[in-house]
Amino acid sequence: MTESPATLEVAVLGAGTVGSQVIRLLEEQADDFAARAGARIRVVSVLVRHPDAPRDVEIDPALLTTDAATAIDGRDLVVELIGGIEPARTYVLRALSQGISVVTGNKALLAAHGPELYEAAADSGADLYYEAAVAGAVPVVYGLRESLAGDRITRVIGIVNGTTNFILDAMATTGAGYEQALFRAQELGYAEADPTADVDGLDAAAKCAILASLAFHTRVGIDDVEVEGIRSITAEDMSEASFFTQTIKLLAIAERRVGEDGREGVAVRVHPALLPTDHPLASVAGAYNAILVEGEAAGRLMFYGQGAGGAPTASAVLSDLVAAASHRVHGGHAPRESVYAHLPILDPGSARTRYQMRLRVEDRLGVLSDVASIFARHGVSIQSVHQRDGRGPGQAVIVIATHVAREADLRAVAHALSQSPAVREVASTIRIESDDPRSVVPAAD
Ligand code: HSE
């Protein structure tokens, strides 16, 4: 038996908001980490682009380096917090190929190159951990990968992007429009100057792919995820939602279901959805994250907490680091990639859900019948219709909620409506996420 190392050397790649907190907490709680891992965990190198840049936490300048080989080679453990694909991928592979266990918070890298990283880790016997890649401090990766390894997961549905949740929550609670709420999120540091990855749903899509892979033991990449962001959500959509005792959230949804060919597959999508206000995800406020996991045996579980930020994300990184360190000391390794189920990815057009559509129409004889016949022609069944006066004389607004329908059929309905002389505008089409058809009854009824 090899002798246990008294100290494990760690390289931290990236000393931004999260990296700085990892370094601070490792130093401040060094004795606790040593007791939990069975060896002292010491940061010996910190890879940065600009050694002189101002940082949240003071770091010993002797640890800083701009050279990846100097930072990584020969260490016991590597923490990758650079983000993005390159050079992060090259650095992680460099570490794994040397048998160095890696803890990463890089969702984009995992969603695009997860299999390659897992393979490199398995080849060299290193661990690959990534709790921080999904929902910050919320232990949903561990939950799916380990706590729920004894169950058959049917569905994962969650709010996994704090920035968009902050924006939508601000719109719902203040009546602000999208641009105004985005500006507020940027002022408070929740949204980046270029908010694309968050507001267009790409960050959530990467997380959705990771969660789906874990839940369904199947390789799911970011390109498999059907994505729609929140840019098109208006103040009117939000006030309309409130009228129907609903709110709008950006959801990541991964489910195992039978496809149109009768075979079981995985459906993965990210889109805004209407939720009744009594839905467990509806009350998730501000920049918080929450994920509902449905297991055949366990039933419904909810994971909730801070999905971003330096210290919360550092908490997830450090738990992975303790696990990887403990394996170095006591033996054992992290769970390997589990893809035995090899389920096919289902066509997004075959997705079945409910929809709410808001139309501006001429308020004249026969319009409702014209509209209803378009739904019927495409096999989409209407669940409820609510009409009220429109903006001008002779105009009306009709809000139609459907029963469960195929995505492709609904698209055909929306197209046909937009061509119909009865309809001035299809103002919005938003999916409804609820098992309860009463969720589209107006609040006043
Ligand atoms: N930008 C992400 C969010 C945090 O807003 O949730 C990191 O994934």
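Here goes a summary of the coordinates provided. Treat the numbers as computed from the prediction; the structure is a model and nothing was measured.

1. Quick look at helix 1 (residues 17-28)
With twelve residues, helix 1 should reach 16 Å at 1.5 Å per residue; the first-to-last C-alpha distance of 17 Å fits that figure. Among the residues making up helix 1, those that are buried are Val18, Gly19, Ser20, Gln21, Val22, Ile23, Leu25 and Leu26. Buried residues in helix 1 make contact with strand 1 (7-13), helix 2 (30-37), strand 2 (40-47) and helix 12 (310-330).

2. Describing the environment of alanine 62
Mapped onto the elements of the fold, alanine 62 is located in the loop between strand 2 and strand 3 (64-65). Sequence-wise, alanine 62 and glycine 162 are 100 residues apart; in three dimensions their C-alpha atoms are separated by 35 Å.

3. Looking at the site of the ligand
Around the ligand, the neighbouring residues are Lys107, Asn161, Gly162, Thr163, Asp198, Asp203, Lys207 and Ala308. Asparagine 161 places a polar side-chain atom, nitrogen or oxygen, 3.4 Å from an oxygen atom of the ligand. Glycine 162 places a polar main-chain atom, nitrogen or oxygen, 2.7 Å from an oxygen atom of the ligand. Considered on its own, the ligand offers 260 Å² of accessible surface; in the complex 80% of this is hidden by protein. At the level of secondary structure, the elements contributing two or more residues to the shell around the ligand comprise helix 7 (162-174) and helix 10 (202-216). Counted by class, the shell around the ligand contains one nonpolar, three polar and four charged residues.

4. Notes on the pattern of salt bridges
Within the structure shown, the criterion is met by 37 salt bridges. As a salt-bridge pair, aspartate 200 and arginine 231 come within 2.7 Å of each other at their nearest N and O atoms. Highlighted residues: aspartate 200 in the loop between helix 9 (196-199) and helix 10 and arginine 231 in the loop between strand 8 (226-227) and helix 11 (235-243), separated in sequence by 31 residues. Judged by its relative accessible area of 43%, arginine 231 is partly exposed. Through salt bridges that share partners, Glu236, Asp237, Glu240, Arg358, Arg360, Arg388, Arg391 and Glu425 make up one connected network.

5. So, the sheet that holds strand 5 (residues 101-104)
Sheet architecture is open: six strands sit in the order 3-2-1-4-5-6, paired in parallel fashion. Each of the sheet's edge strands pairs with one partner strand only, and the pair in question is strand 3 and strand 6 (128-129). Here four bridges tie strand 1 to strand 4 (residues 77-80), and the two strands are oriented parallel to one another. Considered in strand 4, the bridge of valine 10 is made with leucine 77. In the packing of helix 12 onto the sheet, the strands contacted are strand 1, strand 2, strand 4, strand 5 and strand 6, and the crossing angle to strand 4 comes to about 165 degrees.

6. What about the packing of helix 5 (residues 107-124) against helix 10?
Interhelical geometry of helix 5 versus helix 10 gives an angle of 35 degrees and a closest axis separation of 7 Å. Note on element contacts: helix 10 touches helix 5 through Asp203, Ala206, Lys207, Ala209, Ile210 and Leu214, opposite Lys107, Ala108, Leu110, Ala111 and Tyr118. Looking at the contact of helix 5 with helix 10 residue by residue, the class counts come to eight nonpolar, no polar and three charged.

Definitions and limits used
- Residues numbered from 1 in each chain as written.
- Predicted model: local features only at pLDDT ≥ 70, side-chain atom pairs only at ≥ 80, totals over all residues.
- Heavy atoms only, no water.
- Helix = DSSP H or I, 4+ residues; strand = E, 2+ residues; numbered from the N terminus.
- Expected span 1.5 Å × (residues − 1).
- Buried < 20%, exposed > 50% of the residue type's maximum accessible area, 1.4 Å probe, protein only.
- Contact = heavy atoms within 4.5 Å.
- Near = heavy atom within 4 Å.
- Polar contact = N/O pair within 3.5 Å; in protein donor to acceptor, adjacent residues only side chain to side chain.
- Areas by Shrake-Rupley, 256 points an atom, 1.4 Å probe, with all protein chains shown as cover.
- Nonpolar A, V, L, I, M, F, W, Y, C, P; charged D, E, K, R; others polar.
- Salt bridge = Lys/Arg side-chain N within 4 Å of Asp/Glu carboxyl O.
- Pairing = 2+ DSSP bridges.
- Axes fitted to C-alpha atoms, helices over the stretch in contact; angles between N-to-C directions.

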